[in-house]
Amino acid sequence: MSKKHLENADMELAMSRVDGRVKVTGAAKYTAEVQLPELTYAVLVESTIGKGKITALDTKKAEWAPGVIAVISHLNTPGVPEYKLANQDVIQKQLRVFDSPNVYYNGQPIAVVVADTFERARYAATLVKVTYAKEKAQSSMEQNLSEAIVPKKAKADPKGFTSDFVRGKAGAYKDAEFQVEAEYVLPSEAHHPMELHSIIATWEGPDKLTLVDKTQGSQQTAASIAKSFQLPVENVKVLATYVGGAFGSALRVWPHEIIAILAAKKVQKPVKLVLHRNQMSYMVGYRPHTLQKVAIGATKEGKLLGISHESFGKTSMYEEFTENVLIMTRMMYDVPNVDTKYRIVPLNVSTPAPMRGPGEATGSFALECALDELSYKLKMDPIALRLANYADQDPDKKMPWSSNYLKECYKLGAEKIGWNKRKTEPDTNQEGEWKIGYGVATGTFGAFRGGASAKATFKPDGTLLLQSAIADIGPGTATSMTAIAAQNLGIAADKISFQLGNSTFPKAPMQGGSNTVATVGSAIVAVCDNLKVELAKRAAAQKAEWKNAIPANTKIVGTQLVNADDKSSRIEISSLFSDGLSELVVKGDAAPGPESKKYSFYSFATHFIEAHVHELTGVVRIKNAVSVIDCGTVVSPKTARSQSMGGIVGGIGMALTEDVVLDDRTGRTVTASFGDYHVPVHADIPQMDMMFVNEKDPYLNPMGSKGLGEIVIIGVAPAVANAVFNATGKRVRHLPITPDKLI
Ligand code: MOS
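Residues numbered from 1 in each chain as written. Predicted model: local features only at pLDDT ≥ 70, side-chain atom pairs only at ≥ 80, totals over all residues. Heavy atoms only, no water.

Quick word on the environment of S497
Here comes step 1: By secondary structure assignment, the location of S497 is in strand β22 (residues 496-499).
Here comes step 2: Look at S497 and you get partly exposed, because its relative accessible area is 37%.
Here comes step 3: Considered as a pair, S497 and L466 are 31 residues apart in the sequence and their alpha carbons are 6.2 Å apart.
Here comes step 4: What S497 contacts, discounting residues up to four positions off in sequence, is L464, L465 and L466. (Helix = DSSP H or I, 4+ residues; strand = E, 2+ residues; numbered from the N terminus. Buried < 20%, exposed > 50% of the residue type's maximum accessible area, 1.4 Å probe, protein only. Contact = heavy atoms within 4.5 Å.)

Given below as C-alpha cells:
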C-alpha cells in the first residue's frame, strides 16, 4: 500500500497561504488599524471593586479634559433597547451594559470616555472618580464549592453533557481490582490572541449600523447586535476582514462592543474602541478554572470496568457558562459503567468563554492523566491500555463512527517518537542532570458540519472570485477554500480569490468548533459544481459534442473547458461569454444530509511528548512533540500543519506556563500582562512532528475532511504531564507544571 499519511516534508511542499504576503507586509488591515474620517476614540473605565454598587460617579474632570467629547455611564447611557423588553429572563444572561450601578466583578466596564484621540481618551478615563458601597467579593472556586449549582442548561437538556449521567452502574469502579482516584485542577487560562479585541462602530442615521469588528462570526455578530438594538438584521453590517487570532474569545458579543455602539450613538460619530492587553484577560472570556474528580476501575488485564468523573467550573454571577468537560469520558473508551456530574460555581468574575478545545481540552487532562496513573498501577504500557479499551463504535450514542483511525495514530506516533526508548519504571532514565520521560495522551473533538452558501463570480479571463461571510481567525480559510475550488474546477490557485468576513456575503457559520472546512468547504464544492453545470450548458449551446457532457467530469485547463470523458471536447472559456456577458455569477448551498443522523462524527489525535526535567531546578524542557491526527482528508496541508503547530504550542502552554491568577481578596486579575501571564516562547518549543492519517471520512462532507482546529490542543497537556511523571516519578495534578511543583 502506498503511503497516504502526511509528514512534515510533504506539508512543506504544499500550497502556501494565499494571504501570507499581505499579512507579513502589513498590507492586511486589522480592525484597530482601520481609519475613517471623523473617527473618535473610546477608552473604558473599569470597576476597582469586585462586588457592590456605584454610589457616586464624578465625571466632571474627565469631561473638561482636552479633546473629550463624552463620558457615558449608567447615568446617561442612550440605553440598549433590548433591555427594555418585557421578557427580561432571556436577556439577563449577559452583563447588561451601563444598566444599573451594580458591580458584579472587578474590572467590569462602568463608564466610557470618548475623545478626539486615543491618548486623550485614555488620560481622561483616569480622571473619572467613582465611589462605591463595597461588599466582599467571592472569586475563589475552592472556597465556594458549597455554592455549586446544576446549570439551567442541564435541566433543559437532560441528555446533554452537562446533565448528571449514568451508563450501567454509578460508582462501579469501586468493585474493580485496580483503582485510581484523583483530583485534577486546571487554572483559568486567557486566550490572548495577538490581535487585541477591537471595534469601530458607525451609525448612519438612527437605524443603520456598520461595524468593523474582531469577531469569529460576521453574521452572528450582526444578528446579536440587531437584537440588542432592535434593528432589522439587514441594517447591521459587520466587517471582519482580518482577525489576528481568537481561539474562542470572539464567538460572542462582549460588553465593549455594545459600549462602542452606545458611544457612537451618543457622539454621532464613528467610535473606535481597542482593548488593552490587560483587559484581554477578563473582558473577553477565558477558559474557566476547573476542579475534576476522576475515579477509574479496571481488571488486571487493563479492561476498564467503570469511570466516575465529576467537574466543577467557574462562572459569573449574571450568566451560566458551561462546557462539555465530560464528553470524552462518555464516548472515548469502551467502558460499561460511566457516571458523570457537572456543576458550576457562580462567582464575582466575568463570564468565561469557549477556548480552543472547549471542554475536551479540560476533561482530557483529567481522564488521560488518570489512565496514565492506572497504567503504572497495572504495569501496563499506556498505549496498550488504551488499545485494550478501544471503542469500535461510539459507546455513548451507540452509533458507528463515521471514521476512526486512532489505532493508526498510536502506531505512527509511537514509531516517530521512538516509544521503545521509554523506560517502564519512572525516574530511571537520566542523561547528566536531566531526567528523561515519554508521555502519550489521546484527544477527540466532535466533527461538525452546518449549512452554508457561497457565491462565485467567473470571468472570461478565467479568474474566479468566491465569497462567503465566514471569518478567518488565522487558520488560513482563504487558502483551504482556494485549494478546494482549485481541485474541483482545475483552475490554478493563483486565478482564484476568496473574500470573507463580511456579513453581507453568503451565509456562513461562526469560525468555531473546527467546522469551517466541513461546512464552508461543502458550499464551495456546491458552487463549483453549479458553475460547471452552467459552463457545460453554455458549451452545449455552441457545440453538439457537449450535449452529453457530464458537468462533474469537466475541468478547466488553462484557458479551456475540457470534457474529461471526451478529450477532443475542448472549448475556449472566453467563447462561453459570447453573449456579451461580462461575468457569470453562480450560487451554491450545502447542508448536512440524512447521513448526519446515522453516524457519530469525531476527529481523533494522539499526542506524544518527550520531556526532560532538570533534577535540581525542576525546569521542564519539551524535547520532542509528535502529534498524529485523524481529521479526514487534509485539503490544505501546509496551513493544516501550521494550525497544528499552534495547537500544540497552546497545549504546552496549558501544561507548563499558563495560569490566570486572581487576588481573591479583591477579585482582581493579578496576571493581566504578558509579564505575569506566561505563554510559551520559541525557546520553549521543540522539534514538532505533525502527522496526518489523511484517510477520507466517507460521510461528513464531499471533501472527506473532519475538524482540525481543536483536536490539536486536546490531549497535549496530559501528554506533557504523563511525560513528566515518566521522567521524575512525580505526578502533578494541578496545572501548570511549574518548577516549584517538581523540586
Ligand atoms: Mo473555538 S473555542 O470553537 O473558537
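Once you've had a look at it, read on.
Focus: the nonpolar core
Here comes step 1: L304, L374, I629 and F692 are the most contacted members of the largest nonpolar core, which has 91 residues in total.
Here comes step 2: Per-element accounting of this core gives the leading share, nine residues, to helix α10 (residues 360-378).
Here comes step 3: Leave out the neighbours within four places in its chain, and L374 touches F178, V180, I296, A298, L304 and L385.
Here comes step 4: Counting residues in hydrophobic clusters, the runner-up holds 43 residues, among them F505, V525, W546 and V586. (Core = buried A, V, L, I, M, F, W, Y, C linked by side-chain atoms within 4.5 Å.)

Observations concerning the sheet that holds strand β1 (residues 40-46)
Here comes step 1: Strand order in the open sheet made by the seven strands is β3-β5-β1-β12-β9-β10-β11, with mixed pairing throughout. Looking at strand neighbours, the two that pair on one side only are β3 (68-73) and β11 (236-239), the edges of this open sheet. Pairwise comparison of adjacent strand axes, ignoring direction, gives a mean angle of 20 degrees for this sheet.
Here comes step 2: Bridging between strand β9 (residues 198-203) and strand β10 (residues 209-213) involves five bridges; their strand directions are antiparallel. Across the sheet, the residue bridging to T202 is T210, located in β10.
Here comes step 3: Contacting β1, β3 and β5 (109-115), helix α5 (residues 118-125) runs over the sheet at an angle of about 25 degrees to β1.
Here comes step 4: Those strands touched by helix α8 (residues 255-267) are β1, β3, β5, β9, β10 and β12 (271-274), and its axis lies near 35 degrees from that of β9. (Pairing = 2+ DSSP bridges. Axes fitted to C-alpha atoms, helices over the stretch in contact; angles between N-to-C directions.)

Considerations on unusual backbone geometry
Here comes step 1: Cis geometry is found at the peptide bond from L735 to P736, where omega equals -5 degrees.
Here comes step 2: With phi around 55 degrees, K398 is a residue other than glycine that occupies positive phi space.
Here comes step 3: Within the element layout of this structure, K398 appears in the loop between β16 (393-394) and β17 (399-400).

A short note on the packing of aromatic side chains
Here comes step 1: Here the structure, examined in full by the defined rule, presents 14 aromatic pairs.
Here comes step 2: With centroids separated by 5.7 Å and ring planes inclined at 80 degrees, the aromatic side chains of Y184 and F365 adopt a geometry described as edge-to-face. In this pair, Y184 is assigned in strand β8 (residues 178-186) and F365 in helix α10, connecting sequence segments 181 residues apart. Neither Y184 nor F365 differs from the other in exposure class; each is buried.
Here comes step 3: Positioned above the aromatic ring of F165 is the side chain of R330, whose terminal nitrogen or guanidinium carbon lies 3.7 Å from the ring centre.
Here comes step 4: The positively charged end of R731 is found above the aromatic ring belonging to F725, 4.3 Å away from the centroid. (Phe/Tyr/Trp six-rings, centres within 6.5 Å; stacked < 30°, edge-to-face > 60°. Lys NZ or Arg CZ within 6 Å of the ring centre and 35° of its normal.)

Notes on the sheet that holds strand β6 (residues 129-134)
Here comes step 1: With antiparallel pairing, the three strands of this open sheet are ordered in space as β4-β2-β6. Bordering the open sheet on either side are β4 (102-103) and β6, each of which pairs with just one other strand.
Here comes step 2: When strand β2 (residues 52-58) meets β4, the two strands line up antiparallel, connected through two bridges. Note on β4: the bridge partner recorded for G52 is V103.

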